[in-house]
Amino acid sequence: MNKVLILTALFLIGTVSCTKVIDLELKESDSQIVLKGEVNSGELIHSLSITKSIAFNQDNVFPGLTGATVTLTDNQGNSETLVDLGDGNYKTVNFLAVAGRTYTFNVVAEGETFVSSSTIPALVPLLGIDFIPSSFFGSTGNIIVPKFLDPAGIKNSYIFYYYNADSLDQNSGYIFANDNFADGQLNQQPFFGNWSPESGDSVIYEMYGIDTPVFVYYFSFEQNTSGNSGAPANPVSNWSNNALGYFTAQNFQSFSALVP
């Protein structure tokens, strides 16, 4: 097999905790383009990376693909060609992203065209976070409960991430969820991560609003890595032309608190 990304998953109470690097698995005979794009509401600079898959027995150094033509557009007629920074990294210079708009990446690389669209959801305000003392397997710490009111009648999906402001090595990993069982409700769901903050820790909690295809990507990745699927498969990409990876247009907010 070829390894394109590596993600450690923990499936607990409808959420998943993962390390910040996401990897895909391929058959050894395959060599495919991997695209990872991100557009953030309210920001001007957005990024896309292009790499190629490698053989399983090779070092985990994924070659970046330069020389591609990458264009970002929105459904209001705005457009910008991304700057090639080298090593497979491309960025915009001045493209304001707005919630509610749909963004499309068009990539021409190695004579092929790859397209993906994603819509920035409306912001669901993060009202704060609660800490619940707990102990698992003899270790003490706190479980975090983010406080937000899910809008009724609207399909919402989220990614959460929290970490120690004084030590970035102490972090939750990615945790994703949707409102399939909590539509229109005040969130009371604790989200378990790789790290349990203790009294006196300064915690930064981040919340991303993502659209459904991006949630499906993360969910399918977890299914494939947890042994819940019959045979390993690549996560469901939202790119055309059999490209691997994902493109997310998202909103973002953060909240800081001291653990009592």
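Above this text is the structure in question.
The rules behind these values
- Residues numbered from 1 in each chain as written.
- Predicted model: local features only at pLDDT ≥ 70, side-chain atom pairs only at ≥ 80, totals over all residues.
- Heavy atoms only, no water.
- Core = buried A, V, L, I, M, F, W, Y, C linked by side-chain atoms within 4.5 Å.
- Buried < 20%, exposed > 50% of the residue type's maximum accessible area, 1.4 Å probe, protein only.
- Helix = DSSP H or I, 4+ residues; strand = E, 2+ residues; numbered from the N terminus.
- Contact = heavy atoms within 4.5 Å.
- Pairing = 2+ DSSP bridges.
- Axes fitted to C-alpha atoms, helices over the stretch in contact; angles between N-to-C directions.

Asker: Break down the nonpolar core for me, with residues and values.
Answerer: Of all hydrophobic cores here, the largest spans 23 residues; its most connected members are I50 and V107. For this core, the secondary-structure elements that each account for two or more residues are β5 (33-40), β6 (47-52), β7 (69-74), β11 (102-109) and β19 (244-258). In terms of residue count, the dominant contributor to this core is β11 (four residues).

Asker: Can you tell me about the side chain of N40, naming the residues and giving the values?
Answerer: Turning to its location among the elements, N40 is positioned in strand β5. Look at N40 and you get buried, because its relative accessible area is 9%. Excluding residues within four positions of it along the chain, N40 makes contact with H46, A97 and Q250.

Asker: Hey, could you go over the sheet that holds strand β12 (residues 112-119) for me, with residue numbers and the actual values?
Answerer: One open sheet accounts for four strands, arranged β8-β7-β11-β12; its pairing is antiparallel. Strands at the two margins of the open sheet, each flanked by one partner only, are β8 (79-81) and β12. Averaged over all neighbouring strand pairs, the angle between strand axes comes to 15 degrees, with direction disregarded. Bridging between β7 and β8 involves three bridges; their strand directions are antiparallel. Of the residues in β8, the one forming a bridge with L72 is E80.

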